[in-house]
Amino acid sequence: MLLQALPMVFVLTGLALYTVLSGADFGAGFWQLLAGRGPRGERLREYAHHAMGPVWEANHVWLIFVLTVFWTAYPTAFGSIMTTLAIPLFIALGGVVFRGAAYAFRPGASTAREAGAVDTIFAGSSILAPFALGCAAGAIATGRVPVGNAAGAPVASWLNPSSVTIGVLAVVSSAYVAAVFLAADAAREGERELGAELRLRALGAGVVGGVVAIGAIFVLDADSHALYRSLVSARALPAVAVSVLAGAATLWLVWRRRFEPARFLAALAVAATIAGWALARWPTILPGLTVDEAAAGHDTLVWVVVSVLAGAVVLFPSLGLLFGLTLRGRFHEPAGAQPAGAGAQGRAPLRTRLGARAALALLIAGIGLLNVAEASWAHAVGIVCLAGFVLSGFRLIMFGMLGVDACERDDTVQQLPQARG
Amino acid sequence: MSGIPLAAALAPAHQQYLLQARQMQALSFAVHIPLVAFGISFPVLVLFVEWLGRRTGDEVYLVLARRWSKVMLALFGVGVITGTVLSFEMGLLWPNFTATFGSVFGLGFAIEGFSFFLEAIFIGIYVYGWDRLSPRLHMLSAVPIVIAGVTGSLMVISVNAWMNHPGGFELHDGKVTDVDPFKALFANTYLWHELVHMYIAGYIVVGFLLAGVYAYGRLRGRWGRYERVALAVPLTVAALASPVQVLVGDWAARDVAKSQPVKLAAIEGLYRTTRGASEHVLGWYTDDQVKYGIAIPHLLSLLSFHSWNAKVQGLQSVPPSQRPPVNVVRIAFQTMVGIGTLFALLGIFYVVVWIRRRELPRSRWFYRALVLAGPLSVVALIAGWVVTEVGRQPWVVYRVMPTAAAVTGAKGIPVGYALLAGGYALIACGLVWVLRRLARAPLDQPYDVASEMAQEA
């Protein structure tokens, strides 16, 4: 049914976005790791960092979105996956943690050399995370995760030819997407030399990715024939074909240095792979568990759908703004004409005894309503009174201290003229 | 563990390392929660200082806001990491909790995910947009961060309030039916005191931590106009919020007395159900009583139920297997209340000095106290959560699902625990390093990799 399936569509959409966006981020880490020494390596690392810096947090939140919607809408399936695949998911978690740490700590670096060191220390995680997540996805896709509390094989479920192949594919495609994205960035910025380097890397990763993908066909055919069969079924084949064509077309566009369309096709290739997987296995999530069976109750699903749609109305324009600013390079512009502050003079703040009395009255009313009275409504009003007390008190003290330029004494921020009377 | 699993979607597993799993969760939580405090209140402070700067045209405020916003970004980044860890652990450690009740409480986290998203997006825009957006747009871009701070904590705390005071579903043969997520999460009377208490705590922690940093600077002779503003803004917030927090705490305790009498009994170390119960300050709970404590007759009844002789339920009323570890809860509670009371006094002192002399306190002791107050505020914050969470034990969902029934059957919890602890130790070192570096950068030239690269090129 539609209601039972909709949250899964959200989960898969989130997963596709996570794979593309964070894939680009992990891939950027991959290239930082392989950037080599010397000024050229430094430059590449720096560039990868600056391209991703403003967006990496937003990119990683897609994972949290996927997890929360999944456990709300399909709780049993979630519990089963998280227990059987505890090891790869823990490894992936470690990867996410250290990748994030690289961004969080980089502002502390005071030379390009230090920044490079921070990148390199943490960049190993950029390979680990997509690999582990790919292996976990492979385990689910090949039906190796049964329903139950740690019911599947803790190691063999994800360390087997099919899963490992998918893990490797995840690493390579992340590197590919990242190189294409960064090359597009560099082209737009007019960084010719860097762009040429990234183009070569994109082409290399693309070729390697193609070889791994072709190899994956044989591995799946031999190791997980059921998945192979469903991937080439009439339902999934179109998506798989789109993925292959988009991947090849991206390669061609990169070759022709048409980076802007290339990055959209690269994203499409990744998204189509996930769509192909979903279509191939639909409606099965885990062996013996369909989407309908796994879904939560009616009211929960309605709430999930409503809140995701409502959230999307806020989210996508915001994301559009962020990516608009980043992709248009607004964040790369040299710090130029900085508009001066508005008015030069602060308004004389309103500081009367009345204000202080009002704050005191709010405090007393708050105590009475919150701490003496018993009714819930009284508590609510009491909280509002106390919030009013803090705000008005803050206003009185802060504006008193900072508001007026006057003689400065040793221990005041700025002494204000007496306001009393 | 003799508690009967009342509800479980997956077969409960025997987990040899339940205690380690709980500690791992507690560690992850203790690391994350101070960062949440920064998520709640820091954007408001930064925005206020920027607004001051735009309003007065005074560079000092703008420099301060800009530097704080970099710290805010670094802390938010670490918060994203530790938050991701927590959401993984919901499944990695407590799969049966999510598998059984995901449909009831999960919505809160799903909406919180959106708040997190908006925070991540607009923090990126705000911090990277300092010189690229008009002042008005730049200040506007901080507003969603402030709002997301409120909605995010509302959502997470709605889930915690539900775990402490569950509702909005029915149980039939261990299966959850008739789920009403809205009722479960938001029509819960337990939600509001938790939310307000935590929200104010966010301001107190950040206020005292920031003030403590600049107080330390003052003791070592760094005391220009910049430092005074940087100290006064957070300190004023914390000073006003601290007395209010004592009042809110009283409200919270009365709600706990009503909904979770056993937790209250553990907080107070009250074994027998008593009329006109005494309150014990300090002391140690052993042999079913508080020893070496100072007893204040009738105070517990008075505080909890506003009545001289009200009956207070004791630990005795439930079997031993359903009692939380008394001393952990009790000491955590006394720590929180003790620190909170000191903060309230410190805040009142500050406000009184301001009213009488219209200046910041001069005493070096005041600034020494502020230096201490920073770390103590984090201790109080964590102690408060220990009271809520350990006080709820042995239940993960109060009187519905024991923690032991929620745990994963996967092996290797100690390995994961050790790795996580090691990773967090590394990140803590890194964070200290980065914050020291940010603090040391010269005031007029905020370090910027991009400009350095441009100069080198």
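Being a predicted model, the structure only gives us computed values, none of them experimental. (Residues numbered from 1 in each chain as written. Chains lettered and ligands numbered in written order. Predicted model: local features only at pLDDT ≥ 70, side-chain atom pairs only at ≥ 80, totals over all residues.)

Asker: Mind laying out the overall build of chain B, listing which residues take part and the relevant values?
Answerer: The helix and strand tally for chain B stands at 14 helices and 10 strands. When burial is assessed residue by residue, chain B has 56% of its 457 residues classed as buried. Considering only residue pairs separated by 6 or more positions, chain B has 78% of its internal contacts joining residues 24 or more positions apart. (Helix = DSSP H or I, 4+ residues; strand = E, 2+ residues; numbered from the N terminus. Buried ≥ 20, exposed ≤ 12 C-beta atoms within 10 Å, placed from the backbone. Contact = placed C-beta atoms within 7 Å.)

Asker: Explain the confidence of the model for chain A to me, using residue names and the numbers behind them.
Answerer: All names here are of chain A. Confidence along chain A averages 83 in pLDDT terms, with 89% of residues attaining 70 or more. Here helix α2 (residues 38-52) is the element of chain A with the lowest mean pLDDT, 82, and helix α10 (residues 237-255) is the one with the highest, 92. Here residues 333-351 is a poorly scored stretch, pLDDT under 50, and it has 31 contacts once near neighbours within four places are set aside; other chains count. In the model, residues 404-421 has pLDDT below 50 throughout and makes 37 contacts with residues more than four positions away in sequence or in other chains. (pLDDT = per-residue confidence, 0-100.)

Asker: Tell me about the interface of chain B and chain A, residues and numbers included.
Answerer: As a measure of interface size, the accessible area lost when the parts come together is often cited. With 96 residues of chain B at the contact, the number on the chain A side is 96 residues. In terms of residue count, the dominant contributor to the side of chain B that touches chain A is helix α3 (residues 95-128) of chain B (24 residues). Class assignment of the residues belonging to the side of chain B that touches chain A gives a composition of 57 nonpolar, 24 polar and 15 charged. (Nonpolar A, V, L, I, M, F, W, Y, C, P; charged D, E, K, R; others polar.)

Asker: Quick one: what's the story with helix α8 (residues 261-268) of chain B, residue by residue and with numbers?
Answerer: Residues and elements named next belong to chain B. Across the eight residues that make up α8, a large majority, eight, are buried. Looking only at α8, the buried set comprises P261, V262, K263, L264, A265, A266, I267 and E268. Buried positions along α8 lie against α7 (225-259), β4 (279-281), α9 (299-305), α10 (326-357) and α11 (364-392).

Asker: Tell me about the nonpolar core, residues and numbers included.
Answerer: With 316 residues, the main nonpolar core has A136, A179, V180, L182 and A183 of chain A as its most contacted residues. With 21 residues, α3 of chain B is the largest single contributor of residues to this core. Domain assignment of the residues forming this core places at least three in each of domain 1 (2-327) and domain 2 (347-421) of chain A. Filtering out sequence-adjacent residues up to four positions away, L182 of chain A remains in contact with A28, Y47, A48, A51 and L198 of chain A. (Core = buried A, V, L, I, M, F, W, Y, C linked by C-beta atoms within 7 Å. Domains from an automatic or database assignment.)

Asker: Tell me what's going on with the domain arrangement of chain A, and back it up with residues and numbers.
Answerer: Each assigned domain of chain A is listed here: domain 1 (2-327) and domain 2 (347-421). A C-alpha centroid distance of 51 Å is found between domain 1 of chain A and domain 2 of chain A.

Asker: Hey, could you go over the packing of α2 of chain A against helix α6 (residues 112-141) of chain A for me, with residue numbers and the actual values?
Answerer: Residues and elements named next belong to chain A. Orientation of α2 relative to α6, taken along the N-to-C sense of each, is 70°, at an axis distance of 10 Å. Compared by their axis directions, α2 and α6 come out roughly perpendicular. Crossing of α2 over α6 shows left-handed handedness. Where α2 abuts α6, its residues E42, R45, E46 and H49 lie against A112, A115, G116 and D119. (Axes fitted to C-alpha atoms, helices over the stretch in contact; angles between N-to-C directions. Parallel < 35°, antiparallel > 145°, perpendicular 65-115°, else oblique. Left-handed = near helix turned anticlockwise from the far one by under 90°.)

Asker: If you had to explain helix α2 (residues 59-92) of chain B to someone new, which residues and values would you point to?
Answerer: With 34 residues, α2 of chain B extends 49 Å from end C-alpha to end C-alpha; this agrees with the ideal 50 Å at 1.5 Å per step. With respect to burial, α2 of chain B is a largely interior element, 28 of its 34 residues being buried. (Expected span 1.5 Å × (residues − 1).)

Asker: Tell me about the packing of α7 of chain B against α10 of chain B, residues and numbers included.
Answerer: Residue and element names in this part refer to chain B. Two elements in contact, α7 and α10, have axes separated by 8 Å at closest approach and are oriented at 135°. Between α7 and α10, the angle is such that the two are oblique. Here α7 runs over α10; the crossing is left-handed. Contacts between α7 and α10 pair L235, A238, A239, L240, S242, P243, Q245, V246 and G249 from the former with G340, T341, F343, A344, L346, G347, I348, Y350 and V351 from the latter. Classifying every residue of the contact of α7 with α10 gives 12 nonpolar, six polar and no charged.

Asker: Any details on unusual backbone geometry? Residues and values, ideally.
Answerer: Residue P283 of chain A is bonded to the preceding W282 of chain A through a cis peptide linkage, with omega at 0°. Checked against the element boundaries, P283 of chain A lands in the loop between α11 (259-281) and β1 (284-286). Q393 of chain B connects to P394 of chain B through a cis peptide bond whose omega is 5°. Tracing the backbone through its elements, the reader meets P394 of chain B in the loop between α11 and β9 (395-397). Even without glycine at this site, A150 of chain A takes up a positive phi of about 55°.

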